[in-house]
Amino acid sequence: MLILMGISFLLDWYVYHGLKTLVTDKSTLTKNIVLWGYLLISIIVTLLLFTVTSGSVSTRGMSPRDMWILSIFLGLLVTKVVFVQVLFIGDISRLIIGAVNLLRDKPGVEGYIPGRRKFVSTTALALAAVPFGSFLYAIFKGKYDYKVHRQTLYFEDLPEAFDGFTITQLSDIHSGSFDNADAVAKGIKLANDQKSDLFVFTGDLVNNGAWEIEPYIHLFSQLKAPYGQFSILGNHDYGDYIEWNSRQEKAANLDKLKTHHKDLGYRLLLDENVELTKDGQKIVLIGVQNWGRGFIQVGDLDKALKGVEHNDFKVLLSHDPTHWEDVIRYHPSNIHITLSGHTHGAQFGVETDSVRWSPVKYRYLDWAGLASQNNRYLYVNRGFGFLAFSGRLGIWPEITVITLKKKLA
């Protein structure tokens, strides 16, 4: 953190001189407002972040206020980096001109090295406004800009009674991050409006503690489906990322969180399965505890499959997509579709018809949307909530609707 603060202050020094060029012909009052106003805001945000990271994170986790501070700091940091890069390119050209003047012993009016041109600082400011504006949109609008993603999957062995069966999936609610209950309610209504046959939630109800979901139980309990509401745990639900006074306190928190799943009207699947029947036919819904590469691995797929026949049509809920990558797609039992979350799509990226990129791709092979291998499907939900960075840009919060269809042989 101290290193990051040091980098930020060095950038401030560079940005200060760039802004100084911009206001060189302005009044003294304007110069003071721009220059000292910028430094004051940047220093205050940096010091606030230091107080956040040195205290509350280890005990109760980051509050929405803490996440706002982190997000504003990151927005300013990226903006400063862009600004400085443009200035640096201009300064390199100034140094080259200065070296040539020195070799020719022909100093200009300003000396061997010409002064920084106002045009360069203006260009730097214009380009830096792009990430700054984007971060503002991500923080104030993007994190609640819910999108419905629809996917139709075809299977030859799908029971005919389930042809057209629909599943609405939410994942990564991260209720401890919310700061706008009205916006959350609109997202829940959008999910309910899909009128799916089944509702599933694939983990990370909270950031750390069971208390985080309590203000929102009355909202998320509105999610209903004819064939029920089912859920699993994600890595954050175990309370591993904050300090507890004792093991007993941590265990009590997990027990309370499990109770809250019941309060929400969700049946929490802990390495177990349930049959869903329709017109005398069935599919099997399976839920495992968290199993992730580099994260807690307590999920037991073999235990969850007990009593399930090899030829049964299976839908698996497993929070972390690396479980599918490392275990599920190679498992002897044919699991038709796995629904996951966890990655959030990094809450930042680009998704168009021709371009699909997020920094999370360097960590996860399958980080959003549909993947398949050996006639087995994985769908990775981009997440309903957000964590740490209090915003989303390009990777919007997701409500997934999966439609199962009978494929003609």
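All values reported here derive from a predicted model rather than from experimental measurement. (Residues numbered from 1 in each chain as written. Predicted model: local features only at pLDDT ≥ 70, side-chain atom pairs only at ≥ 80, totals over all residues. Heavy atoms only, no water.)

On to the pairing of strand E14 (residues 398–406), then. Residues in a regular strand point their side chains to alternate faces of the sheet. The element E14 is extensively covered by neighbouring structure, given that seven of its nine residues are classed as buried. Sheet analysis places strand E2 (residues 165–170) next to E14, joined by five bridges and oriented antiparallel. Paired with threonine 166 across the two strands is threonine 403, which belongs to E14. (Buried < 20%, exposed > 50% of the residue type's maximum accessible area, 1.4 Å probe, protein only. Helix = DSSP H or I, 4+ residues; strand = E, 2+ residues; numbered from the N terminus. Pairing = 2+ DSSP bridges.)

It is the contact of helix H3 (residues 64–104) with helix H4 (residues 118–140), at a shortest axis distance of 8 Å, that shows an interaxial angle of 160°. Judged by the angle between their axes, H3 and H4 are roughly antiparallel. Viewed along their axes, H3 and H4 form a crossing whose handedness is right-handed. Of the residues that constitute the contact of H3 with H4, the class distribution is 19 nonpolar, six polar and no charged. (Axes fitted to C-alpha atoms, helices over the stretch in contact; angles between N-to-C directions. Parallel < 35°, antiparallel > 145°, perpendicular 65-115°, else oblique. Left-handed = near helix turned anticlockwise from the far one by under 90°. Nonpolar A, V, L, I, M, F, W, Y, C, P; charged D, E, K, R; others polar.)

Close contact between helix H2 (residues 28–53) and H3 brings their axes to 9 Å; oriented N to C, the two are set at 135°. With respect to H3, the axis of H2 lies oblique. Handedness of the crossing formed by H2 with H3: left-handed. Where H2 approaches H3, its residues Tyr38, Ser42, Val45, Thr46, Leu48, Leu49 and Val52 are matched on the opposing element by Asp66, Ile69, Leu70, Ile72, Phe73, Leu76 and Lys80. Looking at the contact of H2 with H3 residue by residue, the class counts come to 10 nonpolar, two polar and two charged. (Contact = heavy atoms within 4.5 Å.)

As a further point, take the nonpolar core. Leu170, Phe178, Val184, Ile213, Phe220 and Phe384 are the most contacted members of the largest nonpolar core, which has 31 residues in total. Elements with a contribution of two residues or more to this core: helix H5 (181–192), strand E3 (198–202), helix H6 (217–220) and helix H7 (247–263). Counting residues per element, this core draws most heavily on H5, at four residues. When near neighbours in sequence (up to four residues on either side) are disregarded, valine 184 contacts Tyr144, Tyr146, Phe178, Leu219, Phe220 and Phe384. Core analysis: the second largest hydrophobic core is formed by 25 residues, Val45, Leu49, Leu70 and Phe73 among them. (Core = buried A, V, L, I, M, F, W, Y, C linked by side-chain atoms within 4.5 Å.)

Turning our eyes to something else, we now look at the pattern of salt bridges. The full count for this structure, using the stated rule, is 17 salt bridges. Here lysine 405 makes a salt bridge to aspartate 163, at a shortest N to O gap of 3.7 Å. Placement of the pair is lysine 405 in strand E14 and aspartate 163 in the loop between strand E1 (147–155) and E2, with a sequence separation of 242 residues. With a relative accessible area of 27%, lysine 405 lands in the partly exposed category. Judged by its relative accessible area of 35%, aspartate 163 falls in the partly exposed class. Put simply, arginine 356 and glutamate 351 hold a salt bridge, and the shortest N to O gap is 3.3 Å. Connected through salt bridges with shared partners, the residues Glu351, Arg356, Arg382 and Glu398 form a single ionic network. (Salt bridge = Lys/Arg side-chain N within 4 Å of Asp/Glu carboxyl O.)

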